[in-house]
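# Overview (structure and organization)
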Amino acid sequence: VARVPILKRDLGVEGSGIGISGKIPTGMRATAVKSNEIVGVAGFLYPGSRVDVMVTYTPPGGGSSGPVTQTVLQNVEVLTAGQTIEPDPQGKPQTVNVVTLLVSPEDSQKLQLASSQGVVQFVLRSGVDQTNVDLRPTHLDQLASDRPPAPAPAPGTTR
């Protein structure tokens, strides 16, 4: 806005850097993951979105049950979608080839291992859903089982 003085509160913290590095809190890391229209939830991942991260992989030794899908991280903040650090004001979907997530150093390692061992998928969360769920990995033979599916937990509860 023209003719409005710049105050100290409007400035970044000294040494915080510019661009995305200034958005990374102390002790956290920005970790980039390859994406596409499917992994990126059909283009509806925006900076500020929250996601769970799943990986589908074949366990070492092949395992008798074949591929496994496992949730490796829950309730992770999206820092950037492609080179965008602010959400699109109109909410238009955008296909991006890289998504940058805000994670702890330990979770950064998990994310990199998951992306090197299998196919990573993002699962979009509601912005108000902060609940982490205790999930067991899903094995291929469970998709074709004759057992009826377990009932879904009530909202706000865990299994």
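Placed above this text is the structure.
Residues numbered from 1 in each chain as written. Predicted model: local features only at pLDDT ≥ 70, side-chain atom pairs only at ≥ 80, totals over all residues. Heavy atoms only, no water.

## Things to note about helix α1 (residues 105-117)
If you check α1, its first and last C-alpha atoms are 19 Å apart, about what 13 residues at 1.5 Å a residue would give, namely 18 Å. Burial in α1 covers these residues: S108, L111 and A114. Across the axial projection of α1, the buried residues extend over an arc of 130 degrees, all falling on one side. For α1, the exposed residues lying more than 90 degrees away from the buried face are E106, Q109, L113, S116 and Q117. Its buried side turned inward, α1 meets β1 (29-34), β2 (50-57), β3 (68-81), β4 (98-103) and β5 (119-124). (Helix = DSSP H or I, 4+ residues; strand = E, 2+ residues; numbered from the N terminus. Expected span 1.5 Å × (residues − 1). Buried < 20%, exposed > 50% of the residue type's maximum accessible area, 1.4 Å probe, protein only. Arc of directions from axis to C-beta. Contact = heavy atoms within 4.5 Å.)

## A closer look at the pattern of salt bridges
This structure, assessed with the given rule, holds five salt bridges. Across the pair E77 and R50 runs a salt bridge, and its minimum N-O distance is 3.6 Å. Here the residue E77 occupies a position in strand β3, and R50 occupies one in strand β2, the gap between them amounting to 27 residues. Looking at E77, the relative accessible area reads 26%, which means it is partly exposed. For E106, the salt bridge goes to K110, with nearest N and O atoms at 3.9 Å. With a gap of four residues between them, E106 and K110 both fall in helix α1, about one helical turn apart. (Salt bridge = Lys/Arg side-chain N within 4 Å of Asp/Glu carboxyl O.)

## Notes on the pairing of β2
Strand direction decides the pairing type here: β2 and β3, joined by seven bridges, are antiparallel. In the strand pairing of β3, T56 is matched with T69. The pairing of β2 with β5 spans six bridges and is classified as antiparallel. Looking at β5, one finds that D52 is bridged to V123. (Pairing = 2+ DSSP bridges.)

## Focus: the environment of Q121
With respect to the element layout, Q121 can be found in strand β5. C-alpha of Q121 to C-alpha of T56: the two residues are 65 residues apart in sequence and 8.1 Å apart in space.

## Some remarks on the nonpolar core
Of all hydrophobic cores here, the largest spans 15 residues; its most connected members are V51, V53, V99, L101 and F122. For this core, the secondary structure elements donating two or more residues are β2, β3, β4 and β5. Examining the composition of this core, we find that four residues originate from one element, β3, more than from any other. With sequence-adjacent residues up to four places away left out, V99 is seen in contact with T31, A32, V33, S35, L45, V78, T80 and F122. (Core = buried A, V, L, I, M, F, W, Y, C linked by side-chain atoms within 4.5 Å.)

## Concerning unusual backbone geometry
Although it is not a glycine, N75 sits at a positive phi angle of roughly 55 degrees. With respect to the element layout, N75 can be found in strand β3.

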